[in-house]
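# Inside the fold
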Amino acid sequence: MENIYDVVVIGAGNGGLSAAATAAKNGLKTLLVEQHNLPGGFATSFRRGRFEFEPSLHELCDLGPEENPGDIRKLLERLDVKIEWVPVPEAYRVITTNEGEDNLDVTMPFGVDAFVDKMEEYVPGSRPSMEKFMTLCQNIMDALAYIGKSAGKADSKVLMKEHPNFLKCGGYSVNQVLKAIKMPKKAQRILSAYWCYFGVDGEMLNFAIYGAMVYKYLTRGAYIPKNRSHELSAAMDRRIRELGGDIWYNTRAEKIIMENQKVTGVITDHGVIKCSHVIACCSPNAVFGEMMEKDDVPEKQTRMVNARKFGGRGFVVYLGLNKSAEEIGLTDYSYFIYESLDTVKEVARAKDFNSHPIQATVCLNAANPECSPEGTCIMSFTTFYSEDVWGNIGADEYVEKKREVALNMIRDFEKNVGVSLIPYIEEIEIATPVTMARYTLNPQGTMYAYECSGWDTMLARLMMLEDDQIVSGIRFAGGYGPRIYGYSSTYLNGEMTAKLTIADRRENAK
Ligand SMILES: Cc1cc2nc3c(=O)[nH]c(=O)nc-3n(C[C@H](O)[C@H](O)[C@H](O)COP(=O)(O)OP(=O)(O)OC[C@H]3O[C@@H](n4cnc5c(N)ncnc54)[C@H](O)[C@@H]3O)c2cc1C
């Protein structure tokens, strides 16, 4: 039997799942192919002994509570995908280990007023600039909503008239804007603690994107699925099938067939599929560099791929501990441990191995007490590398190196939080960028797709959506898409890409 579909989605990461669900819901004959035997990509779970670990998600931005729904809750409602959520208790605790004025240990709450009040406690006199920051963030959110709706055709007159603050600060970096609004240095640094979620320093990180994320966290809080992110990926899988879509697991897309510069099919290791559209939830490097014939790839696209830089490559230590969080003394959910809050210095440290890697560490039980058997708890310690340092580690050094990094991170945590972990380790697993590359096929194990900085920010990508369609019939969902990486962004990328594909089909039919 011939396999004929309207659209083939390559990769069941978050972006691929929401793209496939949206396409199927809108009547497209949809096939999702995934090389692994499970949905989700990074959004999954794994078991060791009596523990089920969350491999990636620390906090989902923009779900929001039922009474103040964010874009992701609305998206899941549109797709009719339901799961159980638990709220994350506080915004973050940030600890810096350098001696002197840089030395900090602060815990920041969710809620705009609570956050501003807490900052005033830690940094007296910060209130006026913090209030200015919050107003700018609200202005940016309004402007981004307008740009999102305009599908790459934002009218500069509307932007000038209705969103002047966005134009004033949207093109600047986080550091430039915080300095311009005269925020005290210490407050700037505390406020920048989320920088590691982008893997980009405050000089390069676009203010509009950072401000929008911080504001969403503060106004809507953060959430995690009760049963790890696999619960959400599995719910998406069910919904795609209910909507009439097909999913083939253990199936790898190998080639995209083009005729007269148009997509006509996809070759997989399970046969050929005819289709006129591809939504790729995988890297443009793979699509243009491996899946297409050189002559079919426009020069502009090759230049674009070569000009972009991969984002941070992830490294995670997962611990199942045979004592409860309370017994160990873990009072918080989310801990950032840096040497200093000078983001430029911290990113420079992430370029190579060092004995005190930056860390974003989570104790899952602090948000979700039932996530592990009574008297136990689960922790994960994440760091990232802004260069491909693991690519230079030979097979003979690999095991030793990953143990060394893991031990440094656990010991740093013990020392700086003042708790003991090593005697209570029942299960330990370590994922390096090599693990992540093998598991998700992301080049160099990048957890952040292409770095969102300098000229290649989310705004620039959203403003040139038209250009995205340089190869007729191929669009990118997932972390490489216009709305960049992260859970909420990839789900939104998937939906947007499916809608654009539907519009492409209408255009082609004219
Ligand atoms: C340790 C860690 C912590 C993180 N924490 C957070 C967080 O707290 N909050 C947040 O918002 N984000 C977080 N992220 C980032 C987030 O997980 C990713 O941005 C997001 O999951 C990427 O989704 P994606 O749609 O790009 O697909 P991916 O997860 O990259 O999945 C791609 C899928 O495509 C499949 N595939 C690739 N090529 C092919 C092919 N040729 N044929 C078939 N299948 C193919 C792969 O097998 C994979 O399943 C974290 C990431 C990591 C690693």
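### Some details on the nonpolar core
Soluble globular proteins tend to bury their nonpolar side chains together. By size, the foremost hydrophobic cluster in this structure holds 149 residues, and its most contacted members are Y92, F133, Y194, I256, V287 and F336. When near neighbours in sequence (up to four residues on either side) are disregarded, F336 contacts Y92, R93, V94, I95, A193, Y194, C196, Y197, Q359 and A360. With 28 residues, the next largest nonpolar core counts I95, L319, V405 and I410 among its residues.

### What about the sheet that holds strand β12 (residues 253-259)?
In space, the four strands of this open sheet follow the order β1-β14-β13-β12, with mixed pairing throughout. A strand with exactly one partner marks an edge of an open sheet, and here the two such strands are β1 (3-4) and β12. Of the pairings in the sheet, the one linking strand β13 (residues 262-268) to strand β14 (residues 271-274) comprises four bridges and is antiparallel in character. The residue of β14 that forms the bridge with I267 is V272.

### Things to note about the packing of helix α1 (residues 14-25) against helix α19 (residues 487-509)
Packing of α1 against α19 brings their axes to within 7 Å, and their N-to-C directions diverge by 35 degrees. As α1 packs across α19, the resulting crossing turns out to be right-handed. Between α1 and α19, the contacting residues are N14, G15, S18, A19, T22 and A23 on the first element and Y487, T490, Y491, G494, E495, A498 and K499 on the second. Per-class residue counts for the contact of α1 with α19 are five nonpolar, six polar and two charged.

### Some points on the domain arrangement of the protein
Here the protein is partitioned into domain 1 (3-45 + 228-307 + 454-509), domain 2 (111-220) and domain 3 (312-440). If you average the C-alpha positions of domain 1 and of domain 2, the two centres end up 31 Å apart. Our enumeration of links across domain 1 and domain 2 arrives at zero salt bridges. At the boundary of domain 1 with domain 2, the tally comes to one residue pair in polar contact (both at pLDDT 80 or more). Listing elements by their share of the side of domain 1 that touches domain 2, those giving two or more residues are α17 (458-463) and α18 (465-468). In terms of residue count, the dominant contributor to the side of domain 1 that touches domain 2 is α17 (four residues). Residues that form the side of domain 1 that touches domain 2 fall into these classes: seven nonpolar, two polar and two charged.

Calculation rules
Residues numbered from 1 in each chain as written. Predicted model: local features only at pLDDT ≥ 70, side-chain atom pairs only at ≥ 80, totals over all residues. Heavy atoms only, no water. Core = buried A, V, L, I, M, F, W, Y, C linked by side-chain atoms within 4.5 Å. Buried < 20%, exposed > 50% of the residue type's maximum accessible area, 1.4 Å probe, protein only. Contact = heavy atoms within 4.5 Å. Pairing = 2+ DSSP bridges. Helix = DSSP H or I, 4+ residues; strand = E, 2+ residues; numbered from the N terminus. Axes fitted to C-alpha atoms, helices over the stretch in contact; angles between N-to-C directions. Left-handed = near helix turned anticlockwise from the far one by under 90°. Nonpolar A, V, L, I, M, F, W, Y, C, P; charged D, E, K, R; others polar. Domains from an automatic or database assignment. Salt bridge = Lys/Arg side-chain N within 4 Å of Asp/Glu carboxyl O. Polar contact = N/O pair within 3.5 Å; in protein donor to acceptor, adjacent residues only side chain to side chain.

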